[in-house]
Amino acid sequence: QNLMHAAYHHIEDRRTSITASSLLVAVAVGICVGLGCVYTTGLGNVASSAVVAPRGAFAPIYSAVQPRNPGLAGYASRQQNEAIKKFQETGLRPGQKFVKEPRAPSTGPYKGKSIMADPVKLEVKNFDGQVVGSDDMSLKVARPETAKGLVHRYLMYARNSMRAGTASTKTKSEVRGGGKKPYQQKKTGNARQGSRRTPLKPGGGIIFGPKPRDWSVDMNQKERRIAMATALQSASSDVILVEDLDGKFESPKTKNMADFLDRVGAKPSEEKVLLVVEGQKRNALLSARNIDKLKINKPTSLRIIDVLGADKIIMEKKAFETMKNIFGENAQEEAPAAEAVAA
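Residues numbered from 1 in each chain as written. Predicted model: local features only at pLDDT ≥ 70, side-chain atom pairs only at ≥ 80, totals over all residues. Heavy atoms only, no water.

Colleague: Let's hear about the overall build of the protein chain: which residues, and what values?
Modeller: Counting its secondary structure elements, the protein chain contains 10 helices and eight strands. Counting every position in the protein chain, which comprises 343 residues, the buried fraction comes to 28%. Taking as baseline every contact in the protein chain between residues at least 6 positions apart, the subset at least 24 positions apart corresponds to 68%. A total of about 23900 Å² of accessible surface is found on the protein chain, and carbon and sulfur atoms cover 54% of it. (Helix = DSSP H or I, 4+ residues; strand = E, 2+ residues; numbered from the N terminus. Buried < 20%, exposed > 50% of the residue type's maximum accessible area, 1.4 Å probe, protein only. Contact = heavy atoms within 4.5 Å. Areas by Shrake-Rupley, 256 points an atom, 1.4 Å probe, with all protein chains shown as cover.)

Take a look at the structure:
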């Protein structure tokens, strides 16, 4: 019995020592974990409040848990850092934009969208081809940096306006017939077919064929006027002014028109010629219709295709004055603009 009693007391003492050592280890681990969390999060106030001793006794630990770069920049995302950097450079907060200052009006030669071209001196010839005077040609044209694009847009506007857009084809559902299945689905050895009007066979529908559509494009009247003036001014070296042709063609003869053009310096047999007349001149029109490379028109209905394609442009003096009123410096908004639609 004494031996058993001694063994029992020995076991109880060992249990007490094991429990005390485990408790000490748990307390040490908890303190280490707590200090680690405090160091990573930078919560110095929590650490100082958790420690019972005064702050001076734990000065090294307190200084270690303080963040090195306090502020938002160290914890912000990439977008937030970019916003902070932008704010430091420009002073603008997210969502704010620069307020553009009003543009000062231009006072140079390029004021507005159009400018006045330099005057070009043109010779004036009579019906016999003799020089009897001169005149200046200066129209309101587009700026040099936009002239080419504006004239090209007007040319596309004219060519698209000439397209009828009536081309049309029939699809499989629009072709007559084909409602019955040609043969059964299986047991024939042939490829399966559901209609005799399939696009894969002659007489069938058309896949993605043309349908009626409107090819016309929009262009402002002011832009068309400036584009036409730019084309005319660029062709000033090929412009020939003649006196009025009233009463010059007594009868409609092609030979009279051909001789007149040859006298003033145009050769309709070798180059394209555009004749611009004022008013209705029946005999001149009938004399010119048999000449293949000659086009005749009025200044109020000039076509950009004829102006750009002509090698020589012959204008009556009255037609030239009308053209300057439409496309010149004193051009009025109510003045009829030259249309490009084919007659």
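Colleague: I'd love a proper account of the packing of aromatic side chains, names of residues and values included.
Modeller: The final tally for this structure, using the stated rule, is four aromatic pairs. Taken together, a centroid distance of 6.0 Å and an interplanar angle of 90° make the contact between Phe 249 and Phe 260 edge-to-face. Pair noted here: Phe 249 is in the loop between strand S5 (239–242) and helix H7 (254–264) and Phe 260 is in helix H7, with a separation of 11 residues, a long-range link. Phe 249 gets classed as buried once you look at its relative accessible area, which sits at 7%. Put simply, the rings of Phe 127, Phe 249 and Phe 260 pair up and form one aromatic cluster. Note that Arg 163 overlies the ring of Trp 215, its terminal NZ or CZ placed 3.7 Å from the centroid. Positioned over the ring face of Trp 215 is Arg 213, at 3.6 Å from the centre of the ring. (Phe/Tyr/Trp six-rings, centres within 6.5 Å; stacked < 30°, edge-to-face > 60°. Lys NZ or Arg CZ within 6 Å of the ring centre and 35° of its normal.)

Colleague: Explain the pairing of strand S6 (residues 273–276) residue by residue, including any values.
Modeller: Side chains Val 273 and Leu 275 of S6 all project onto a buried face; the interleaved residues Leu 274 and Val 276 project onto the opposite face, where all are buried too. Of the strand pairs in this sheet, S6 and strand S7 (residues 294–297) are connected by four bridges, and their pairing is parallel. Residue Val 276 lies in a different strand from S7, and its bridge partner there is Asn 297. Between the parallel pair S6 and S7, the chain is carried across by helix H8 (residues 282–288), and the sense of this crossover is right-handed. Both S6 and strand S8 (residues 312–316) contribute to a ladder of four bridges, which runs parallel. By the bridge assignment, Leu 275 is partnered in S8 with Ile 314. (Pairing = 2+ DSSP bridges. Right-handed = clockwise from strand over helix to strand, strands pointing away.)

Colleague: Pulling in residues and values, what's your account of helix H10 (residues 317–327)?
Modeller: Residues of H10 that are buried include every one of Ala 319, Phe 320, Thr 322, Met 323, Ile 326 and Phe 327, and no others. Take H10 and look down its axis: the buried residues cluster within an arc of 160°, on one side only. (Arc of directions from axis to C-beta.)

Colleague: If you had to explain H7 to someone new, which residues and values would you point to?
Modeller: Buried residues of H7: Met 257, Phe 260, Leu 261 and Val 264, and no others. The arc enclosing the buried residues of H7, seen along the axis, measures out at 95°, which places them on a common side. The elements touched by buried residues of H7 are strand S2 (120–125), S5, S6, H8, S7 and S8.

Colleague: So what's going on with the pattern of salt bridges? Residues and values would help.
Modeller: Per the counting criterion, the structure on display carries 14 salt bridges. A salt bridge links Asp 135 to Lys 317; its shortest N-O distance comes to 3.0 Å. Taken together, the residues Asp 135 in strand S3 (residues 131–137) and Lys 317 in helix H10 connect sequence positions 182 residues apart. Among the charged side chains, a network of salt bridges with common partners joins Asp 135, Lys 317, Glu 321 and Lys 324. (Salt bridge = Lys/Arg side-chain N within 4 Å of Asp/Glu carboxyl O.)

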